[in-house]
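These are the residues of each chain, in order.
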Amino acid sequence: MGDKITIYQKPTCSKCREALTILKESGNEFDSINYYDTRLTVDTLREIIRKLDIPVRGLLRVDEPLAKGSESASDEELLQLMAASPDLIQRPIVIRGDNAVLGRPPEKIKKLLGD
């Protein structure tokens, strides 16, 4: 599988650091995007959600204080919230071609890589 690999991560997140280690050890080239520095647009979030094959709410970190009161929000409202506040986005996200996984647990990343 020669598809481009991209990880969306937050450097201070322990699971993201673990995911980066897995990617480095795999020997595959990859792009690492700190989505706090390079904010994700609504369109990018839509594409990630499509590749993850999850509902919009599945990408939301519901335990974050900013997520409180979002229970009745529409998908579009949730996308806007996540684009404005990266803390609301589950992480790490690893994409390979047209497939993606949330890297929790990290074994999902290994499966995506074919390990």
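See the structure shown above.
Description of the structure in this document. Since this is a predicted model, take the numbers as computed values, not measurements. (Residues numbered from 1 in each chain as written. Predicted model: local features only at pLDDT ≥ 70, side-chain atom pairs only at ≥ 80, totals over all residues. Heavy atoms only, no water.)

Thoughts on the sheet that holds strand β3 (residues 93–96)
Across the sheet, four strands lie side by side as β2-β1-β3-β4; this open sheet has mixed pairing. Each having just a single partner strand, β2 (31–34) and β4 (99–102) make up the two edges of the open sheet. Put simply, the sheet's adjacent strands are angled 15° from each other on average, direction ignored. The pairing of strand β1 (residues 5–9) with β2 spans four bridges and is classified as parallel. Considered in β2, the bridge of T6 is made with D31. Contacts between helix α2 (residues 42–52) and the sheet are confined to β1, β3 and β4, with β4 contributing the most and set at about 90° to the helix. (Pairing = 2+ DSSP bridges. Helix = DSSP H or I, 4+ residues; strand = E, 2+ residues; numbered from the N terminus. Axes fitted to C-alpha atoms, helices over the stretch in contact; angles between N-to-C directions. Contact = heavy atoms within 4.5 Å.)

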